[in-house]
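What the coordinates show
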There are 2 protein chains.
Amino acid sequence: MPYAERRAQILKKATELFAEYGLTAQTRALAAECGISQRLLYRFFPTKEDLLREVYDTAIVGPFQAVWFAELSDRNRPMHDRLTKFYNDYLDAVLGRRWLRLFLYSSLAEADMAPNYISSIITKLTETIVAETAHERGMKLDMEQEAVHEVGWTIHGAISHYAIRRHIYRASHVIPQDMVVAMHVRVFLSGFDSIVSQFERVER
Amino acid sequence: MPYAERRAQILKKATELFAEYGLTAQTRALAAECGISQRLLYRFFPTKEDLLREVYDTAIVGPFQAVWFAELSDRNRPMHDRLTKFYNDYLDAVLGRRWLRLFLYSSLAEADMAPNYISSIITKLTETIVAETAHERGMKLDMEQEAVHEVGWTIHGAISHYAIRRHIYRASHVIPQDMVVAMHVRVFLSGFDSIVSQFERVER
DNA sequence: TTTGTTTGTCGTCAATTGACGACTTATGTC
DNA sequence: GACATAAGTCGTCAATTGACGACAAACAAA
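Cut-offs used in this document
Residues numbered from 1 in each chain as written. Chains lettered and ligands numbered in written order. Predicted model: local features only at pLDDT ≥ 70, side-chain atom pairs only at ≥ 80, totals over all residues. Heavy atoms only, no water. Helix = DSSP H or I, 4+ residues; strand = E, 2+ residues; numbered from the N terminus. Buried < 20%, exposed > 50% of the residue type's maximum accessible area, 1.4 Å probe, protein only. Contact = heavy atoms within 4.5 Å. Lys, Arg positive; Asp, Glu negative; His and termini not counted. Charge placed at Lys NZ, Arg CZ, Asp CG, Glu CD. Phe/Tyr/Trp six-rings, centres within 6.5 Å; stacked < 30°, edge-to-face > 60°. Lys NZ or Arg CZ within 6 Å of the ring centre and 35° of its normal. Least-squares fit on C-alpha atoms with pLDDT ≥ 70 in both. Axes fitted to C-alpha atoms, helices over the stretch in contact; angles between N-to-C directions. Parallel < 35°, antiparallel > 145°, perpendicular 65-115°, else oblique. Left-handed = near helix turned anticlockwise from the far one by under 90°. Expected span 1.5 Å × (residues − 1). Salt bridge = Lys/Arg side-chain N within 4 Å of Asp/Glu carboxyl O.

A few points about the overall build of chain A
The secondary structure content of chain A amounts to 10 helices and 0 strands. Secondary structure of chain A in N-to-C order comes out as α-α-α-α-α-α-α-α-α-α. The principal-axis extent of the C-alpha atoms belonging to chain A is close to 60 × 40 × 30 Å. Of all 204 residues assigned to chain A, the portion counted as buried reaches 52%. When contacts within chain A are restricted to residue pairs at least 6 apart in sequence, those whose partners lie at least 24 apart make up 74%. When the 25 positive and 26 negative side-chain charges of chain A are each reduced to one mean point, those points stand 7 Å apart.

In structure tokens form, the structure reads like this:
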């Protein structure tokens, strides 16, 4: 099998394995999964840690679609629709079992990867959501950056936790996903004015 | 050192160790932490797994205060106060770094412990919160049990995720905790009517 | 055919790790 | 003192695990 193809196969299987059994999953299990000898892995990745890093970059940071920022900022559509669309897509493309497990394992392992994802993507995301919601209502935001993030986290955290509940805690999920998204979007939009005013009052 | 005392010490150190380094932390490290030989551990716990189970029972299920149910059902106080009080207490007593790390490690390890905690405690909690909120507003709830849980999870998930963000992702937390709680309680209460009506309409 | 490069395996090393048999030391108790 | 029970250590075994040197097979190019 040619170099690139084999490498891609290993990376894919490694992603599945680490997501399932944690970052301590063994290289021998990975080799067996690929149908190759354990020694061959080391022709493609110098150490297990290099492999882990690459798994993280492709499987955690990769799935986020840059186009989502554009869609969330499309002022021709009502914020309610934009949020509903975004979070349904985000749940499907990112917050699946594999992504969540990898992300949590990495975060717990201290491997300051999660902070990277958070600071590089989610920070911008919460800012966008809050700014766009405020704009739609003709509000002029006057609060600390940290408060903006906290407001954005209300909906993002609630939906992320729904995914954790579903995929990690294996809670039953009889209520269909789009209905859950609809609920959270509704709660967020209906409570938005009052939470913003809370922060504006206090943070001045 | 007497039997009971030594055993308690081991249990405590084991909790710290497993929370920090995961359920794969080594018995030798634990022994060193206790200042005893590794062999001695096996006089108190037959296997590592027995130790793990006991750590889980005392450190995960233990911290939940039964009195919280009574407080949440105290109809002499407005729901807003009850929720604010409860979630500040819950964040302090349960959702700390140690508890969260243990809980997540256990959940990821498939060790169907998390489902236990969820089904035995959180299920009842969400039911109480939703029922009490509805009662305060003179509403008669008519929706599926699963929908009730989902409604309760909006606030419980949002606050749990705030704790995860803070302790696991190590996101900066400039906004003081009581202000975050206030925000989530406010969002929940102001959105409550509309989400309930959403489920009632659809679930019939 | 020869030669060099790529693709791949075998076997092994050193460190780690859960578990435990055998033994030692301390603390009463009659 | 004698003797039992509790508290504790030493050393080791077998299995696991990341890493790698040495060698074999496939294959293209001259």
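Section: the packing of aromatic side chains
Tallying each qualifying case throughout the model produces 28 aromatic pairs over all chains. A centroid spacing of 5.6 Å and a plane angle of 70 degrees characterise the contact between Phe103 of chain A and Tyr117 of chain A, whose relative ring orientation is edge-to-face. Of this pair, Phe103 of chain A sits in helix α7 (residues 97-108) while Tyr117 of chain A sits in helix α8 (residues 114-136), placing them 14 residues apart in sequence. A relative accessible area of 2% places Phe103 of chain A in the buried class. Ring centres 5.0 Å apart and planes at 70 degrees place the aromatic pair Tyr169 of chain A and Phe103 of chain B in the edge-to-face group. Of this pair, Tyr169 of chain A sits in the loop between α9 (145-167) and α10 (177-203) while Phe103 of chain B sits in helix α7 (residues 97-108), which puts the two residues in different chains. In this structure, Tyr169 of chain A and Phe103 of chain B share a single accessibility class: buried. Feature note: the residues Phe64, Trp68, Phe69, Phe86, Tyr87 and Tyr90 of chain A constitute an aromatic cluster, connected by ring pairs. Lying over the aromatic face of Phe69 of chain B, Lys124 of chain B brings its terminal NZ or CZ to 4.2 Å of the ring centre.

Examining the relation of the copies chain A and chain B
When chain A is fitted to chain B, the best match, at an RMSD of 0.0 Å, comes from turning it 180 degrees and sliding it 0.0 Å along the axis. When the rotation and shift are considered jointly, the pair of chain copies conforms to a two-fold rotation axis. Closest approach to the rotation axis among the C-alpha atoms of chain A is made by Ala158 of chain A, whose C-alpha sits 2.1 Å away. In this assembly the copies share their binding face: 100% of the residues contributing to the interface of chain A also contribute to that of chain B.

Examining the packing of helix α1 (residues 3-21) of chain B against helix α2 (residues 27-34) of chain B
The geometry of a pair of packed helices is captured by two quantities: the angle between their axes and the separation between those axes. All names here are of chain B. Taken N-terminus to C-terminus, the directions of α1 and α2 make an angle of 125 degrees; their axes are 10 Å apart at the nearest point. In this view, α1 runs oblique relative to α2, as classed from their interaxial angle. Considering the relative orientation of α1 and α2, their crossing is right-handed. Every residue of α2 that contacts α1 at Arg6, Gln9, Ile10, Lys13, Ala14 and Leu17 is listed here: Ala29, Leu30, Glu33 and Cys34.

Quick notes on helix α1 (residues 3-21) of chain A
All names here are of chain A. The terminal C-alpha atoms of α1, which comprises 19 residues, lie 26 Å apart, in line with the 27 Å expected from a rise of 1.5 Å per residue. What α1 keeps buried is the set Arg6, Ile10, Leu11, Ala14, Thr15, Leu17, Phe18 and Ala19. Close packing links the buried residues of α1 with α2 (27-34), α3 (38-44), α4 (48-61) and α7.

Focus: the pattern of salt bridges
Side-chain pairs of opposite charge can arise where the charged atoms are in close proximity. For the structure shown, the criterion picks out 22 salt bridges over all chains. Among the ionic pairs, Arg165 of chain B bridges to Glu150 of chain A, the shortest N-O distance being 2.1 Å. Of this pair, Arg165 of chain B sits in helix α9 (residues 145-167) while Glu150 of chain A sits in helix α9, on two different chains. For the pair shown, Arg165 of chain B and Glu150 of chain A are each scored as buried. A salt bridge links Lys13 of chain B to Glu33 of chain B, with the shortest nitrogen-to-oxygen separation between them at 4.0 Å. Taken together, the residues Lys13 of chain B in helix α1 and Glu33 of chain B in helix α2 connect sequence positions 20 residues apart. Residue Lys13 of chain B is classed as partly exposed on the basis of its relative accessible area of 23%. For Glu33 of chain B, a relative accessible area of 42% corresponds to the partly exposed category. Among the charged side chains, a salt-bridge network with shared partners connects Arg75, Arg82, Glu132 and Glu136 of chain A.

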